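Working through the structure, step by step
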Amino acid sequence: MCGALGAAAAAAMLSDVDEAGIADAIGIAASMGSGLLEANRTGGTVKRVHCGWAAHAAVTAAGMARHGITGPPTVLEGRFGFLQAFCGDQAHVDEIVTGLGTDWELPGIFFKPYPCNHFTHAGIDAARRLRARGVDPASIVSLELGAPTAVLRTIGEPREDKVHPKSGYHAAFSGPYTVAAAFLGGGGLGVFHEDFTDSAAADPERLALAAKVTCVPDSRCDEIFPHQFPAVLRARLTDGTDVEERVDVNRGGPDNPLSAEEPATKFRLNATRVVSAETADRITELTYGLAGRGELSELTGLPH
């Protein structure tokens, strides 16, 4: 929903329309975006196209504005506008204009290192830390995944569906499965697409480890949420010892940023599914150099 509006403003600016045209593009895009989250709960791969659909809506809206279609001037704050429709009485109009043009949200953006629900990421990192400490999955008797109370309905409930996901897509919203994948997988930046295929989600070894995971609310995580999506993972081992890893700050956020090479690696691994490695490397090089380039023809002219 928000992506369509923000991207519409950017697309309109790149289209060289005036201020009124930018406002029209935002007004038009508000009728195009949306994107319900029911797929997070019961499945359906449409969630994967939400960001792309926002971009599609944005470019289409900017094109319409360029050709004279107009949007309502009160599209954000009006009685039937964007804020009222999606936020109701919880909307704060001043937040939209305070610091406009001087305060930027980009430094606060979180980049997702893993192709799964963001609420599962801290649990993945905790599992990877335990793995790096030498914890052998075969030595694990039980695992307790503590998380903010509010996220458990997404990654922990109903338990049977989370410890035995119906598909690779369902597995991406499972705290128990993603912990197991972090112990037993390892592609990409820690877990990757091959960890979320239907066959991976049905792997007996992964399911056996996922079944050892119990998701519980954690008071410290509740204090931090929603500014971060933290987790704590406690493992009981066969020798009777207990080991714990707590992740309060999400990897990929401003307080725990990815290196410049890590998103490039993630991009290349995705891009080489459809373009050559040479093209993916050149796209990476040109994209990282955009600030010093005057035009985009070389980037847009690369072979698909």
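Right above here is the structure, for reference.
Everything quoted here is computed from the prediction, not taken from an experiment. (Residues numbered from 1 in each chain as written. Predicted model: local features only at pLDDT ≥ 70, side-chain atom pairs only at ≥ 80, totals over all residues. Heavy atoms only, no water.)

The next thing to look at is the environment of valine 179. Within the secondary structure layout, valine 179 lies in helix α11 (residues 175-184). Measuring from C-alpha to C-alpha, the distance between valine 179 and histidine 121 comes to 9.0 Å, with 58 residues separating the pair along the chain. If near-sequence neighbours (up to four positions away) are discounted, valine 179 is found in contact with Gly123, Ala127, Leu143, Leu145, Val213 and Leu233. (Helix = DSSP H or I, 4+ residues; strand = E, 2+ residues; numbered from the N terminus. Contact = heavy atoms within 4.5 Å.)

What follows covers the packing of aromatic side chains. The final tally for this structure, using the stated rule, is six aromatic pairs. Centroid distance phenylalanine 225 to phenylalanine 229: 5.7 Å. Interplanar angle 40°. Geometry classified as tilted. Among the aromatic residues, those joined into a cluster by ring pairs are Phe119, Phe225 and Phe229. (Phe/Tyr/Trp six-rings, centres within 6.5 Å; stacked < 30°, edge-to-face > 60°.)

Time to look at the pairing of strand β4 (residues 242-247). Strand direction decides the pairing type here: strand β3 (residues 231-237) and β4, joined by six bridges, are antiparallel. Bridge assignment links alanine 231 to a residue of β4, and that residue is valine 247. The antiparallel hairpin formed by β3 and β4 contains four residues in its connecting segment, where glycine 240 sits at a positive phi of about 90°. (Pairing = 2+ DSSP bridges.)

What follows concerns the side chain of serine 174. Tracing the chain through its elements places serine 174 in the loop between α10 (168-171) and α11. Residues contacting serine 174, with those up to four places away along its chain left out, are Thr120, Ile155 and Lys162.

Once that is clear, we can look at the packing of helix α7 (residues 121-132) against α11. For the pair α7 and α11, the least separation of the axes is 8 Å and the interaxial angle reads 35°. As α7 runs across α11, the sense of the crossing is right-handed. In this structure, α7 contributes Gly123, Ile124, Ala127, Arg128, Leu130 and Arg131 to the contact, and α11 contributes Thr178, Val179, Ala182, Phe183 and Leu184. By residue class, the composition of the contact of α7 with α11 is seven nonpolar, two polar and two charged. (Axes fitted to C-alpha atoms, helices over the stretch in contact; angles between N-to-C directions. Left-handed = near helix turned anticlockwise from the far one by under 90°. Nonpolar A, V, L, I, M, F, W, Y, C, P; charged D, E, K, R; others polar.)

Across soluble globular proteins, you tend to see nonpolar side chains buried next to one another. By size, the foremost hydrophobic cluster in this structure holds 41 residues, and its most contacted members are Leu143, Val179, Phe183 and Leu233. When residues in this core are grouped by element, the largest group, six residues, is from α11. Non-local contacts of phenylalanine 183, meaning those with residues more than four positions away in its chain, are made with Ala127, Leu130, Arg131, Val135, Pro137, Ile140, Leu143, Leu209 and Leu233. (Core = buried A, V, L, I, M, F, W, Y, C linked by side-chain atoms within 4.5 Å. Buried < 20%, exposed > 50% of the residue type's maximum accessible area, 1.4 Å probe, protein only.)

On to the layout of surface pockets, then. Considered as a void within the structure, the second largest pocket measures approximately 270 Å³ in volume. What lines the second largest pocket is simply Phe111, Lys112, Leu258, Pro263, Ala264, Lys266, Phe267, Ile283, Thr284, Thr287 and Tyr288. Elements supplying a minimum of two residues to the lining of the second largest pocket: α15 (261-271) and α16 (277-288). Among the residues making up the lining of the second largest pocket, the classes are represented as seven nonpolar, two polar and two charged. (1 Å grid on protein atoms, 1.4 Å probe; cavity = no way out; pocket = protein on both sides within 12 Å on 5 of 7 lines; lining within 4 Å. Points joined across faces, edges and corners; volume = space filled by probe spheres on them.)

Fair warning: the whole summary comes from geometry, so function is off the table for now.
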